[in-house]
Amino acid sequence: MPVALETPAAGGRPLARLGASYPLAALHVSGPTLDRLRASGLSIDEREIVAVKAVAAALVGLACLSFGVPILCVPCGWLAYRMPDIALSRRARARLSAADREVPVLLDLLAVATSAGLAPQLAFRRAVDAAEGPLADELRPVVDATDLGARWRDELRAVADRLNLPDLRRVVGALMRADALGSSLAEEVTRLAGDVRESRRVRATERARAAPVKMLFPLVFLVLPAFLLLTVVPVLISTVQSIQ
């Protein structure tokens, strides 16, 4: 059974109480949905998700009945029940993309901190404190857990595994090597920042080159028929009428 995500005030919110009431208390969201909920950054828990899904399905089912199409109650209700999962997935992907875009900024902050002579752990703390956005929000619990006595390398590795961002994994690997071997981090972070920006520039160039190919389908099947209807068809109609 999936483990519910609890928030400090979740139990007192109406949706949380509805999701914990009978018979919704027997429903649980799937493990992937819980992962998306964590990645979305929303301050809601499993019970609220269950309540939203149930209310959406019930409202859509009642709407189908009121419009006299009871045959659509089940498929439309199921679609409405799945919509919160789709919305969570989209938000999680958007937040993960935003976090990935912030990795070069984190590298720049680490480069500044290490160039000032700070140790890897302290440089990471200063970089996270100065950063903003989803990536900083994901990394701040590492600092908090370290203050409570946890091993910062284990916490940092867990965040990198959960987010699964290749560039963040490279940053974490550099930090761990420098902390374990006592080597200089400034040069490696600076080099890594340049490599990350260069790889992103290459990927952006590849996407730009692929854009015309992706535009071919809507151009041929959507824009071109409309253009022909507006330009060629009136000429053909007037020609036929003049011949008659």
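Residues numbered from 1 in each chain as written. Predicted model: local features only at pLDDT ≥ 70, side-chain atom pairs only at ≥ 80, totals over all residues. Heavy atoms only, no water.

Caption draft 1: Structural detail: the overall build of the protein chain. Looking only at helices and strands, one finds 10 helices and zero strands in the protein chain. Taken over C-alpha atoms, the radius of gyration comes to 27 Å for the protein chain, far larger than the 18 Å a tight globule of 244 residues would show. The dimensions of the protein chain, computed from C-alpha atoms along their principal axes, are 90 × 60 × 25 Å. Taking as baseline every contact in the protein chain between residues at least 6 positions apart, the subset at least 24 positions apart corresponds to 62%. For the protein chain, the computed accessible surface area is about 14800 Å², with 66% contributed by carbon and sulfur atoms. With 30 positive and 25 negative side-chain charges, the protein chain shows a separation of 5 Å between the mean positions of the two kinds. (Helix = DSSP H or I, 4+ residues; strand = E, 2+ residues; numbered from the N terminus. Rg over C-alpha atoms; globule rule 2.2 N^0.38 Å. Contact = heavy atoms within 4.5 Å. Areas by Shrake-Rupley, 256 points an atom, 1.4 Å probe, with all protein chains shown as cover. Lys, Arg positive; Asp, Glu negative; His and termini not counted. Charge placed at Lys NZ, Arg CZ, Asp CG, Glu CD.)

Caption draft 2: Structural context of the packing of helix α8 (residues 152–163) against helix α9 (residues 166–181). In contact at an axis separation of 9 Å, α8 and α9 are set at 165° when each is read in the N-to-C sense. It follows from the interaxial angle that α8 and α9 lie roughly antiparallel. Crossing handedness for the pair α8 and α9: left-handed. For the pair α8 and α9, contact is made by Trp-152, Arg-153, Leu-156, Arg-157, Ala-160, Asp-161 and Leu-163 and by Leu-168, Arg-169, Val-172, Leu-175, Met-176, Asp-179 and Ala-180, respectively. (Axes fitted to C-alpha atoms, helices over the stretch in contact; angles between N-to-C directions. Parallel < 35°, antiparallel > 145°, perpendicular 65-115°, else oblique. Left-handed = near helix turned anticlockwise from the far one by under 90°.)

Caption draft 3: Layout of the confidence of the model for the protein chain. Looking at the protein chain as a whole, its pLDDT mean stands at 83, while 94% of the residues score no less than 70. Element-level mean pLDDT values for the protein chain span from 81 in helix α2 (residues 31–40) up to 90 in helix α4 (residues 73–101). In this model, residues 1–11 is a region of pLDDT below 50 whose contacts with residues beyond four sequence positions or in other chains number 25 contacts. (pLDDT = per-residue confidence, 0-100.)

Caption draft 4: Quick peek at α9. For α9, spanning 16 residues, the distance from its first C-alpha to its last is 22 Å, which sits close to the expected 22 Å at 1.5 Å a residue. Within the span of α9, buried status applies to Asp-167, Leu-168, Val-171, Val-172, Gly-173, Ala-174, Leu-175, Met-176 and Ala-178. Where α9 is buried, its residues meet α4, α5 (103–115), α6 (120–130), α7 (134–147), α8 and α10 (186–243). (Expected span 1.5 Å × (residues − 1). Buried < 20%, exposed > 50% of the residue type's maximum accessible area, 1.4 Å probe, protein only.)

Caption draft 5: Structural view of the packing of α5 against α6. Their axes nearest at 9 Å, the elements α5 and α6 cross at an angle of 135°. Taken together, the axes of α5 and α6 are oblique relative to one another. The element α5 and its partner α6 pack so that their crossing is right-handed. Every residue of α6 that contacts α5 at Leu-106, Leu-109, Leu-110, Ala-113 and Thr-114 is listed here: Ala-123, Phe-124, Ala-127 and Ala-130.

Caption draft 6: How the structure looks around unusual backbone geometry. In this model, Tyr-22 is joined to Pro-23 through a cis peptide bond whose omega is 5°. Tracing the sequence through the fold places Pro-23 in the loop between α1 (14–20) and α2.

Caption draft 7: Spatial organisation of the packing of aromatic side chains. The final tally for this structure, using the stated rule, is two aromatic pairs. Considering the side-chain rings of Phe-124 and Trp-152, the 5.8 Å spacing of their centres and the 40° angle between planes classify their relative orientation as tilted. Placement of Phe-124 in helix α6 and of Trp-152 in helix α8 is noted, with a sequence separation of 28 residues between them. There is no split in this pair, since Phe-124 and Trp-152 are both buried. (Phe/Tyr/Trp six-rings, centres within 6.5 Å; stacked < 30°, edge-to-face > 60°.)

Caption draft 8: How the structure looks around the nonpolar core. Of all hydrophobic cores here, the largest spans 33 residues; its most connected members are Leu-110 and Phe-124. For this core, the secondary-structure elements that each account for two or more residues are α5, α6, α7, α8, α9 and α10. The leading source of residues in this core is α9, at seven residues. When residues no more than four places from it in sequence are discounted, the contact partners of Phe-124 are Leu-110, Leu-139, Val-142, Val-143, Trp-152, Leu-156 and Leu-175. Counting eight residues, the second-largest nonpolar core is a separate cluster that includes Val-29, Leu-37, Ile-49 and Leu-88. (Core = buried A, V, L, I, M, F, W, Y, C linked by side-chain atoms within 4.5 Å.)

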